[in-house]
Amino acid sequence: MYLIYRCDCGRVLYSKEGNKTKKCTCGKTLNVQKRRILKTADTVALATQAVQDMQEQIYGGSIFRTADEL
């Protein structure tokens, strides 16, 4: 199972259940066990899609594109 949560900078992240810490791209190391869990996912593909959907919902627009779409 994968846990989906937010960093203090606003970025949505996921990590496997049981992980103690996660490093955000902003540089902050988060204690996963103390974060508020927003969603859970059974597979890494579902977790990735949920993170992308939440990021687009928060910041608007389609920010996740493949190289051929640029």
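Everything in this summary refers to the structure shown in the same document.

Focus: the packing of aromatic side chains
Phase 1: According to the stated counting rule, one finds one aromatic pair in the structure shown.
Phase 2: A ring pair is formed by Tyr2 and Tyr14, whose centres lie 6.1 Å apart and whose planes are at 75°; its orientation type is edge-to-face. With a gap of twelve residues between them, Tyr2 in strand S1 (residues 2-6) and Tyr14 in strand S2 (residues 12-16) connect regions that are remote in the sequence.
Phase 3: Accessibility expressed as a relative area gives 24% for Tyr14, which makes it partly exposed.
Phase 4: For the cation-ring pair, Lys22 lies above Tyr14, with the distance from its terminal atom to the ring centre recorded as 5.7 Å.

Quick look at the pattern of salt bridges
Phase 1: Scanning the entire structure with this criterion turns up two salt bridges.
Phase 2: For Asp8, the salt bridge goes to Arg35, with nearest N and O atoms at 3.0 Å. Placement of Asp8 in the loop between S1 and S2 and of Arg35 in the loop between strand S4 (29-31) and strand S5 (39-41) is noted, with a sequence separation of 27 residues between them.
Phase 3: Several salt bridges converge on common partners, so that one network encompasses Asp8, Lys28 and Arg35.

Some points on the side chain of Ser15
Phase 1: Turning to its location among the elements, Ser15 is positioned in strand S2.
Phase 2: At a separation of 3.2 Å, a polar atom in the side chain of Ser15 contacts the side chain of Tyr5.

Thoughts on the nonpolar core
Phase 1: Formed by Tyr2, Ile4, Val12, Ala41, Ala47, Ala50, Val51 and Met54, the largest nonpolar core amounts to eight residues.
Phase 2: With four residues, helix H1 (residues 44-59) is the largest single contributor of residues to this core.
Phase 3: Counting seven residues, the second largest nonpolar core, distinct from the first, contains Leu3, Leu13, Cys24 and Leu30.

Notes on the sheet that holds S5
Phase 1: Across the sheet, which stays open at both edges, the three strands sit in the order S2-S1-S5 with antiparallel pairing between neighbours. Among the strands making up the open sheet, the edge pair consists of S2 and S5. Neighbour-to-neighbour, the strand axes of the sheet open up by a mean angle of 30°, direction not taken into account.
Phase 2: Note that S1 and S2 share five bridges and pair antiparallel. Within S2, the position partnered with Tyr2 by the bridge is Lys16.
Phase 3: Those strands touched by H1 are S1, S2 and S5, and its axis lies near 165° from that of S2.

Parameters and conventions
- Residues numbered from 1 in each chain as written.
- Predicted model: local features only at pLDDT ≥ 70, side-chain atom pairs only at ≥ 80, totals over all residues.
- Heavy atoms only, no water.
- Phe/Tyr/Trp six-rings, centres within 6.5 Å; stacked < 30°, edge-to-face > 60°.
- Helix = DSSP H or I, 4+ residues; strand = E, 2+ residues; numbered from the N terminus.
- Buried < 20%, exposed > 50% of the residue type's maximum accessible area, 1.4 Å probe, protein only.
- Lys NZ or Arg CZ within 6 Å of the ring centre and 35° of its normal.
- Salt bridge = Lys/Arg side-chain N within 4 Å of Asp/Glu carboxyl O.
- Polar contact = N/O pair within 3.5 Å; in protein donor to acceptor, adjacent residues only side chain to side chain.
- Core = buried A, V, L, I, M, F, W, Y, C linked by side-chain atoms within 4.5 Å.
- Pairing = 2+ DSSP bridges.
- Axes fitted to C-alpha atoms, helices over the stretch in contact; angles between N-to-C directions.
- Contact = heavy atoms within 4.5 Å.

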